[in-house]
Amino acid sequence: MAAAIASGGDRPRRASPPNKFLPRIDYHACILAWIHDMPQSPPQTADVTRSPSTGAVADRLKFNGDNTFQRELRRRVEAHFKRNGHGQRDSGQMYLKTAIILAVFAIAYVLLVFVATTWWQGLPLSIVLGVAMAQIGFNIQHDAGHQAYSERRRVNRWMAMTLDLVGGSSYIWQRKHAHLHHTYVNIDGHDGDIHLGALARFSPAQKRHWHHRWQHLYLWVLYGFTAVSWHLHDDFRDIATATIGKQRFPRPRGKDLAVFVLGKLVFFGLAFGLPLAFHPLGTVVLFYAVTAMVAGLLLALVFQLAHAVEEAAFPSPDESGRMDTPWAIHQLQTTVNFARDNRVITWLVGGLNFQVEHHLFPRICHVHYPAIARVVEATCREYGVPYHANRSFSAGIASHYRWLRRMGRPDAVPAPLKPAPQT
């Protein structure tokens with residue numbers, strides 16, 4: 001299976017074939033439906049194998065193959081939690097972390113709006129506020145959106161709405177990220193997170209434009225506009241068109257619509273309304289831009305280092321809409337960890353440098369990722385399936401740079417890629 005991380009370039013790379021000695025099974029949007037039809041009380045144990053059907057996404061792909069690896073991995077991770085006596089959610093460590101992040105966000109905002117009177121006071125406060133916004137997304141909202149924050153659905157819902165506080169939409173995120181991205185990672189036309197239209201080419205299956213020749217240079221600047229785009233354009237476009245990338249989704253109604261509207265009103269009030277009562281328009285726009293661009297750059301980079309790198313595969317379905325591998329193997333082929341030994345980065349990015357563990361067990365709180373990573377890696381090694389990890393943040397950046405450059409070339413057909421070095 002590890003050999004399936006093969007050729008990149010302008011030809012989509014195919015995932016590895018299923019085990020011919022074991023029965024074929026279908027995985028109908030494994031995590032998509034599981035999250036969409038979440039019970040009132042989340043189950044106590046991790047699950048990477050459930051695959052009920054759902055009508056949330058049209059033209060679903062099917063994942064086929066042997067699920068022995070998935071079952072054994074699930075069993076070993078469950079055994080880890082039983083052995084250590086820890087719950088998978090409602091962690092005291094996570095609640096403390098939430099308090100710290102929200103306190104930093106509130107203090108930085110108050111000082112920036114009500115205390116700062118010079119640019120040299122406002123600039124560092126804007127940077128801190130931008131980092132805090134990204135941390136709310138990485139840590140609080142992300143776990144809650146995946147039902148990994150708490151066993152109580154109401155707590156997850158309230159914590160997920162912290163994204164609305166900082167200008168996003170928890171409703172749209174749930175469908176774009178938790179539904180589409182987590183089920184169809186790196187599959188062009190299904191994973192909205194690799195679709196930037198004509199701005200970028202992340203997948204060999206995407207059309208190349210002449211300006212992509214320089215995407216390894218200009219995209220770093222555009223990444224800074226990620227949050228600005230969300231705030232001022234993307235969410236409104238998605239609601240107006242009822243589409244995310246190439247996939248349709250139901251527009252919010254009732255309480256969901258109320259949260260969307262109220263969230264936008266609160267955010268624009270905090271970002272522009274209240275500051276304009278104390279500062280000139282130019283000052284407000286300047287420091288909003290600094291804050292949003294810091295947050296946007298951080299948010300974009302963490303995603304790109306997990307999926308848009310040389311070590312990740314970009315497989316395509318066959319003509320009947322079937323993938324060659326089980327869902328768990330697909331996650332492992334398309335996802336890459338980075339900087340696993342750096343505790344500071346792990347804390348700041350909400351464990352999303354352990355993207356492999358997150359994609360396999362999205363309903364486990366991220367504070368447990370470093371521990372279960374040892375279980376996941378050992379199981380992958382035993383079963384001969386890929387487990388990719390770049391040693392450091394800089395190694396991930398370099399890999400992403402090389403991948404952007406490769407996807408921008410008109411005639412590049414690179415040699416088969418080597419797995420990332422692991423620690």
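Cut-off values and rules
Residues numbered from 1 in each chain as written. Predicted model: local features only at pLDDT ≥ 70, side-chain atom pairs only at ≥ 80, totals over all residues. Heavy atoms only, no water. Helix = DSSP H or I, 4+ residues; strand = E, 2+ residues; numbered from the N terminus. Buried < 20%, exposed > 50% of the residue type's maximum accessible area, 1.4 Å probe, protein only. Core = buried A, V, L, I, M, F, W, Y, C linked by side-chain atoms within 4.5 Å. Contact = heavy atoms within 4.5 Å. Salt bridge = Lys/Arg side-chain N within 4 Å of Asp/Glu carboxyl O. Axes fitted to C-alpha atoms, helices over the stretch in contact; angles between N-to-C directions. Parallel < 35°, antiparallel > 145°, perpendicular 65-115°, else oblique. Nonpolar A, V, L, I, M, F, W, Y, C, P; charged D, E, K, R; others polar. Expected span 1.5 Å × (residues − 1). Phe/Tyr/Trp six-rings, centres within 6.5 Å; stacked < 30°, edge-to-face > 60°. Bend = angle between axes of the 7 residues up to and from the residue. pLDDT = per-residue confidence, 0-100. Polar contact = N/O pair within 3.5 Å; in protein donor to acceptor, adjacent residues only side chain to side chain. Patch = residues over 30% accessible without salt bridge, like charges linked within 9 Å, V, L, I, M, F, W, Y side chains within 5 Å. Areas by Shrake-Rupley, 256 points an atom, 1.4 Å probe, with all protein chains shown as cover.

A. Focus on the overall build of the protein. Scanning the protein from terminus to terminus reveals 16 helices and seven strands. When the 423 residues of the protein are sorted by exposure, 56% land in the buried category.

B. Fine view of the nonpolar core. One finds Phe-69, Val-77, Leu-332, Leu-360, Phe-361, Val-376 and Tyr-387 to be the most contacted residues of the largest nonpolar core, which totals 34 residues. Of all the elements in the fold, those that place two or more residues in this core are helix H2 (68–84), helix H7 (170–183), helix H12 (327–334), helix H14 (355–360) and helix H15 (369–383). At six residues, the largest contribution of residues to this core is made by H15. With near-sequence residues (within four places) excluded, Phe-69 lies in contact with Ala-328, Ile-329, Leu-332, Thr-379, Cys-380, Tyr-383 and Val-385. One finds Val-113, Leu-129, Met-133 and Ala-144 within the second-largest nonpolar core, a separate group that totals 24 residues.

C. Region of interest: the pattern of salt bridges. Inspection of every chain in the model, using the stated rule, returns 14 salt bridges. Among the salt bridges present, the one from Arg-76 reaches Glu-72, with a minimum N-O distance of 2.6 Å. A residue pair is termed a helical-turn pair when its members lie 3 or 4 positions apart in one helix, as Arg-76 and Glu-72 do in helix H2 at four residues. A residue is classified by how much of its surface remains accessible, and Arg-76, at 18% relative accessible area, is buried.

D. Local environment of the packing of helix H8 (residues 215–223) against helix H11 (residues 281–307). Put simply, H8 and H11 touch, their axes get as near as 8 Å, and they point 130 degrees apart. In this view, H8 runs oblique relative to H11, as classed from their interaxial angle. Here H8 contributes Trp-220, Val-221 and Tyr-223 to the contact with H11, which in turn contributes Met-293, Gly-296, Leu-297, Ala-300, Leu-301 and Gln-304. Broken down by class, the residue content of the contact of H8 with H11 amounts to seven nonpolar, two polar and no charged.

E. Main features of H15. When the terminal C-alpha atoms of H15 are compared, their 20 Å separation across 15 residues agrees well with the 21 Å that a helix rising 1.5 Å per residue should span. All buried positions along H15 are accounted for by Tyr-369, Ile-372, Ala-373, Val-375, Val-376, Glu-377, Thr-379 and Cys-380. Looking at the residues trailing H15, positive phi occurs at Gly-384, about 70 degrees.

F. Structural view of the packing of aromatic side chains. In this structure the tally under the stated criterion is 13 aromatic pairs. Ring centres of Phe-272 and Tyr-288 lie 4.8 Å apart, and the angle between their planes is 50 degrees; on these two criteria the pair is classed as tilted. With Phe-272 in helix H10 (residues 254–276) and Tyr-288 in helix H11, this residue pair connects regions lying 16 residues apart in the sequence. The pair formed by Phe-272 and Tyr-288 is uniform in burial state, with each residue classed as buried.

G. Region of interest: helix H9 (residues 226–241). Here H9 is 16 residues long, yet its end C-alpha atoms lie only 20 Å apart, well below the 22 Å a rise of 1.5 Å per residue gives. Maximal helix bending in H9 amounts to about 45 degrees, located at His-233. Residues of H9 that are buried: Thr-226, Ala-227, Val-228, His-231, Asp-234, Asp-235, Asp-238 and Ile-239. Two residues or fewer after H9 comes Ala-242, characterised by a positive phi angle close to 55 degrees.

H. Summary view of the environment of Ala-99. Among the structural elements, Ala-99 can be located in helix H3 (residues 92–115). The sequence separation of Ala-99 and Ile-140 amounts to 41 residues, and the corresponding C-alpha distance is 9.9 Å.

I. Seen up close, the confidence of the model for the protein. With 82% of its residues at a pLDDT of 70 or more, the protein shows a mean pLDDT of 83. Low pLDDT (under 50) marks residues 1–58, which in the prediction has 186 contacts with non-local residues, meaning those over four places away or in another chain. Across residues 413–418, where pLDDT falls below 50, the model places 13 contacts with residues more than four positions away in sequence or in other chains.

J. Here's a closer look at the environment of His-358. Topologically, His-358 is positioned in helix H14. It is 7.3 Å that separates the C-alpha atoms of His-358 and Tyr-369, two residues lying 11 residues apart in sequence. Sequence-distant contacts of His-358, defined by excluding residues within four places in its chain, comprise His-142, His-146, His-177, His-182, Leu-352 and Tyr-369. A distance of 3.4 Å separates a polar atom in the side chain of His-358 from a polar atom in the side chain of His-146.

K. Summary view of a nonpolar patch on the surface. On the surface, a nonpolar cluster with roughly 570 Å² of combined accessible area is contributed by Leu-96, Ile-100, Val-104, Val-128, Val-344, Trp-347 and Leu-348. Those elements giving two or more residues to the nonpolar patch turn out to be H3 and helix H13 (343–348). Position of Val-344 relative to the elements: it lies in helix H13.

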